[in-house]
Amino acid sequence: MDVALLVISIIFLIIGLAGSVLPLPGPPLSFAGITALHYSKYADFSQELLFGLGAATVIITLLDYYVPIWGTKKFGGTKAGMRGSTAGLIVGMFFGPFGIFIGAFLGALLGEYLMGDKQNALKAAIGSFAGFAAGIAMKLVLCGVMIFYAAQALISYF
């Protein structure tokens, strides 16, 4: 049972990290991974740590939806820019890590240009992309922290 929890934990932590960039729920998956590890013999995290990571997961997951909207609105963008950014992200996934970022920016620019305010399309695309990038950064940091704690527990066990 402990080996199964260890394998599940590692899989969820890795998929969670990837989900910080890809359109997957990264932090919740990583939190599920660290929770699975906690219930194995390989780690015993404090309740405070688990509560803190759980709270951070909820907050960052909620902020991940709000920050891109805020960035788009702050720079005068519309929902077309947000939708374009998401579509660009999906297309960009086929072109590697840089394709994700370039796709998100170009998608926001195209979305704003075609459906939004043509005169402010570049400014709105920058705002949409900035919000998108901030969301990714927050998720990467949190998933990285969870992987750090998991690795630290596993190193001290073995």
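Described in the following lines is the structure provided in the data block. (Residues numbered from 1 in each chain as written. Predicted model: local features only at pLDDT ≥ 70, side-chain atom pairs only at ≥ 80, totals over all residues. Heavy atoms only, no water.)

1. Some thoughts on the overall build of the protein
Move 1: Looking only at helices and strands, one finds 6 helices and 0 strands in the protein.
Move 2: Dimensions along the principal axes, computed over C-alpha positions, put the protein at roughly 60 × 30 × 20 Å.
Move 3: Counting over 158 residues, the protein shows a buried share of 39%.
Move 4: Across the protein, the fraction of contacts at a sequence separation of at least 24, relative to all contacts at a separation of at least 6, is 67%. (Helix = DSSP H or I, 4+ residues; strand = E, 2+ residues; numbered from the N terminus. Buried < 20%, exposed > 50% of the residue type's maximum accessible area, 1.4 Å probe, protein only. Contact = heavy atoms within 4.5 Å.)

2. Notes on a nonpolar patch on the surface
Move 1: Together, Val3, Val7, Ile8, Ile11, Phe12, Ile15 and Leu24 give the surface a local cluster of nonpolar side chains, amounting to about 550 Å² of exposed area.
Move 2: Summarising the element assignment, Leu24 is placed in the loop between α1 (2-19) and α2 (26-38).
Move 3: Since its relative accessible area comes to 40%, Leu24 is described here as partly exposed. (Patch = residues over 30% accessible without salt bridge, like charges linked within 9 Å, V, L, I, M, F, W, Y side chains within 5 Å. Areas by Shrake-Rupley, 256 points an atom, 1.4 Å probe, with all protein chains shown as cover. Salt bridge = Lys/Arg side-chain N within 4 Å of Asp/Glu carboxyl O.)

3. Regarding the packing of aromatic side chains
Move 1: According to the stated counting rule, one finds 4 aromatic pairs in the structure shown.
Move 2: With a centroid separation of 5.6 Å and an interplanar angle of 25 degrees, the aromatic rings of Tyr42 and Phe158 are classed as stacked. Highlighted residues: Tyr42 in the loop between α2 and α3 (47-74) and Phe158 in the segment after α6 (121-157), separated in sequence by 116 residues.
Move 3: Given the relative accessible area of 8%, Tyr42 is considered buried.
Move 4: Centroid distance Phe148 to Tyr149: 5.6 Å. Interplanar angle 70 degrees. Geometry classified as edge-to-face.
Move 5: The exposure class of Tyr149 is partly exposed, given its relative accessible area of 28%.
Move 6: Three or more aromatic residues joined by ring pairs form one cluster here, namely Tyr42, Tyr157 and Phe158. (Phe/Tyr/Trp six-rings, centres within 6.5 Å; stacked < 30°, edge-to-face > 60°.)

4. Observations regarding the packing of α2 against α6
Move 1: Running from N to C, α2 and α6 point in directions that differ by 15 degrees, and their axes come no closer than 9 Å. By the angle between their axes, α2 is roughly parallel relative to α6. Here the hand of the crossing between α2 and α6 comes out left-handed. Here α2 contributes Gly26, Pro27, Ser30, Phe31, Ile34 and Leu37 to the contact with α6, which in turn contributes Lys139, Leu142, Cys143, Met146, Tyr149, Ala150 and Leu154.
Move 2: Here the residues of the contact of α2 with α6 sort into 10 nonpolar, 2 polar and 1 charged. (Axes fitted to C-alpha atoms, helices over the stretch in contact; angles between N-to-C directions. Parallel < 35°, antiparallel > 145°, perpendicular 65-115°, else oblique. Left-handed = near helix turned anticlockwise from the far one by under 90°. Nonpolar A, V, L, I, M, F, W, Y, C, P; charged D, E, K, R; others polar.)

5. Some details on the pattern of salt bridges
Move 1: Evaluated as defined, the whole model comprises 1 salt bridge.
Move 2: For Asp64, the salt bridge goes to Lys139, with nearest N and O atoms at 3.2 Å. With Asp64 in helix α3 and Lys139 in helix α6, the pair connects residues that are 75 residues apart, well separated along the chain.

6. Concerning the side chain of His38
Move 1: Within the fold, His38 resides in helix α2.
Move 2: Of note is the side chain of His38, whose polar atom sits 3.1 Å from the backbone nitrogen of Phe45.
Move 3: Filtering out sequence-adjacent residues up to four positions away, His38 remains in contact with Ala43, Asp44, Phe45, Gln47 and Leu50. (Polar contact = N/O pair within 3.5 Å; in protein donor to acceptor, adjacent residues only side chain to side chain.)

7. Focus on the nonpolar core
Move 1: In this structure, Ile34, Leu37, Phe45, Leu53 and Met146 are the most contacted members of the largest nonpolar core, which totals 16 residues.
Move 2: Within the residue set of this core, elements represented by two or more residues are α1, α2, α3 and α6.
Move 3: Of the residues forming this core, the biggest block, 5 residues, is contributed by α6.
Move 4: Discounting residues that sit within four places of it in the chain, Phe45 has contacts with Ile34, Leu37, His38, Leu50, Tyr149, Ala150 and Ala153. (Core = buried A, V, L, I, M, F, W, Y, C linked by side-chain atoms within 4.5 Å.)

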